[in-house]
Each structure stands twice: as structure tokens, then as C-alpha cells.
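A look at the structure
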Amino acid sequence: DNHEPMHEPNLDHHPESRYRRPAQADGPGSGGSRCRIHVNNSVNNSSLPKFMRGLFLFLLLIGKFAVVQASTYQPLAKQGVLDLRGWDLSKEVRLDGEWEFYWKQLEIPADTSKRTYLMVPSLWNHAFINGRKLTGTGYATYYLRLLLPPEKKQLRMNMPAVYCAYKLYVNGIKAAENGKVSDNPYDFKPQWINRIFTIPSQTDTVELVLQVANFVHSKGGIKKSITIGDGNYVSLERRKIEAVDLF
């Protein structure tokens, strides 16, 4: 990924939002002597502790896997709404799940009569609209309504690059942009840069409108998770990724 200094738009003062709509061992063989039988019995007996150790190790690994799965469990958006009011945002939470999806629409607000739902993150190449499979090229608008806990620290959102240009609005205010979104290939410009921006304090509801366009790549849509969390934590995690990318 390319990187450039983070730019945080002023989102503290914004007009009223227009978006109101709302995760058994073998035997010793034949002909063996008594001594031979005694030796083989010793081998069979000694294999029991090894079996028990192996079983214990297997159960331990299963237990650790279950703990990891439980600790990394994330809520999922359903029909364009993601409720995070009961979640700890001291780290990062992925904004995954069903986003509202408006194919071949860039109007704000979009025509809700043409609303469908698309899992995010995913490429829209895998989606079907009116029985027809989408191609990588095209443009669309995504919508998600976030419900946030009343008491929280300063939050930031991590917006990864998408295929291949986007414009993101937070409660009606443009918060991030990559390239130039357009409904035609002549005015369209691709760009791949990760963005981080701050969510206004004292905000309990966030409405995200994400316009995406692609006319240069075989893939289209959102491949990586958009995340939200404590501002310091989100920035630190992003710096770690940037440091790794330098090597």
C-alpha cells in the first residue's frame, strides 16, 4: 500500500443527516517365545502414556483454539445496521456484515427501491443483481448505520484502499477519499491509499455512505475490513503495518 500523512476532516459540526433508515496394537506374531511375548507386552504398555500425552495435547490445542475464536468474535451488521452499543471499543472492531448496496447509483441519498444487501468485505464480482452476475467494472453506493456505546473514548476509523476509488461520508460530511469516483471511465481516477480519520466525540449514531467505482481492475468492491476503535489503538496498529511494509 502507498501511504501519505493522515488527514482528518472536521466532522464535529455537520448538518442533520439525511439518512434515516436505518457475526489394539498388533500381536507379537506366531512362533514367538515366552521372552518375545514379554518384550512385546512391555512395548504395548509403554505406548499407553504416549497415547495419553498425545490426547492431552490434542485437547489442549482444541481448547486454545476455542479461546482464540471466542476472543476474536465480532458482531455482524444485519440489513445495513451494526449495533455496537454493548461492545468494547478499546481496540478495533470490524464493520463486517450486510451493508445496503446500490448498484449503478452514486446519488445521495440513494433510491431505496433498488436496495439490496452485500456482505462486506467482499468483491462485488460475486454478487448477483436481478439474476445477473456483476463484473468487476462499475460503480455503487454502500450504506451502514452504526450504533455506538454512550460512554467511549475518542474513536477513529481505519479505511483501507478499495477497488479502485472511493468517497466516504460520515453523517453527511466527506471524511475520506481515494482517487476520483465517477459513473464513467473518462472522469474516473484510481488510487490505493489507507486512510484514518477521527469520529466526532459525543456521537452515538454514525451513518456511513461509501461510494465506490472501478474501471481499471478485474476486481471491484471492498476486499478488506473497515474498522473502528479507540483512536490511539487504531493509529498504533496502522503504524505497525506501515513499519512491516518498509521491509
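Residues numbered from 1 in each chain as written. Predicted model: local features only at pLDDT ≥ 70, side-chain atom pairs only at ≥ 80, totals over all residues. Heavy atoms only, no water.

1. Overview of the overall build of the protein chain
Broken down by element type, the protein chain carries two helices and 15 strands. Within the protein chain, the proportion of its 247 residues that are buried is 40%. Carbon and sulfur atoms make up 54% of the accessible area of the protein chain, which amounts to about 14,900 Å² in all. (Helix = DSSP H or I, 4+ residues; strand = E, 2+ residues; numbered from the N terminus. Buried < 20%, exposed > 50% of the residue type's maximum accessible area, 1.4 Å probe, protein only. Areas by Shrake-Rupley, 256 points an atom, 1.4 Å probe, with all protein chains shown as cover.)

2. Some thoughts on a negative patch on the surface
There is a patch of like negative charges on the surface, built from Glu-107, Asp-111, Asp-183 and Asp-187. Here Asp-187 lies in the loop between strand S11 (173-178) and strand S12 (195-198). Here Asp-187 falls in the partly exposed class, since its relative accessible area comes to 40%. (Patch = residues over 30% accessible without salt bridge, like charges linked within 9 Å, V, L, I, M, F, W, Y side chains within 5 Å. Salt bridge = Lys/Arg side-chain N within 4 Å of Asp/Glu carboxyl O. Lys, Arg positive; Asp, Glu negative; His and termini not counted. Charge placed at Lys NZ, Arg CZ, Asp CG, Glu CD.)

3. What about the nonpolar core?
Most often, soluble globular proteins keep nonpolar side chains buried together rather than apart. Core analysis: the largest hydrophobic core is formed by 38 residues, its most contacted members being Leu-95, Tyr-142, Leu-146 and Leu-208. Broken down by secondary-structure element, the contributors of at least two residues to this core are strand S3 (97-103), strand S4 (116-120), strand S8 (138-147), strand S9 (155-159), strand S10 (165-170), S11 and strand S13 (205-214). When residues no more than four places from it in sequence are discounted, the contact partners of Tyr-142 are Trp-99, Glu-100, Phe-101, Leu-118, Val-120, Trp-124, Leu-208, Val-209, Leu-210, Val-212, Gly-221 and Ile-222. Residues Tyr-139, Cys-164, Ala-165 and Phe-188 belong to the second largest nonpolar core, which totals eight residues. (Core = buried A, V, L, I, M, F, W, Y, C linked by side-chain atoms within 4.5 Å. Contact = heavy atoms within 4.5 Å.)

4. Here we look at the environment of Tyr-143
Along the polypeptide, Tyr-143 turns up in strand S8. Each C-alpha atom of the pair Tyr-143 and Leu-168 lies 9.9 Å from the other, and the pair is 25 residues apart in sequence. Among the polar contacts listed, one links the side chain of Tyr-143 to the side chain of Glu-207, at a separation of 3.0 Å. (Polar contact = N/O pair within 3.5 Å; in protein donor to acceptor, adjacent residues only side chain to side chain.)

5. Structural notes on the side chain of Ser-182
As for its placement among the helices and strands, Ser-182 is situated in the loop between S11 and S12. A polar side-chain atom of Ser-182 sits 3.1 Å from a polar atom in the side chain of Asn-184. When residues no more than four places from it in sequence are discounted, the contact partners of Ser-182 are Leu-106, Tyr-139, Asp-187, Phe-188, Ala-213 and Phe-215.

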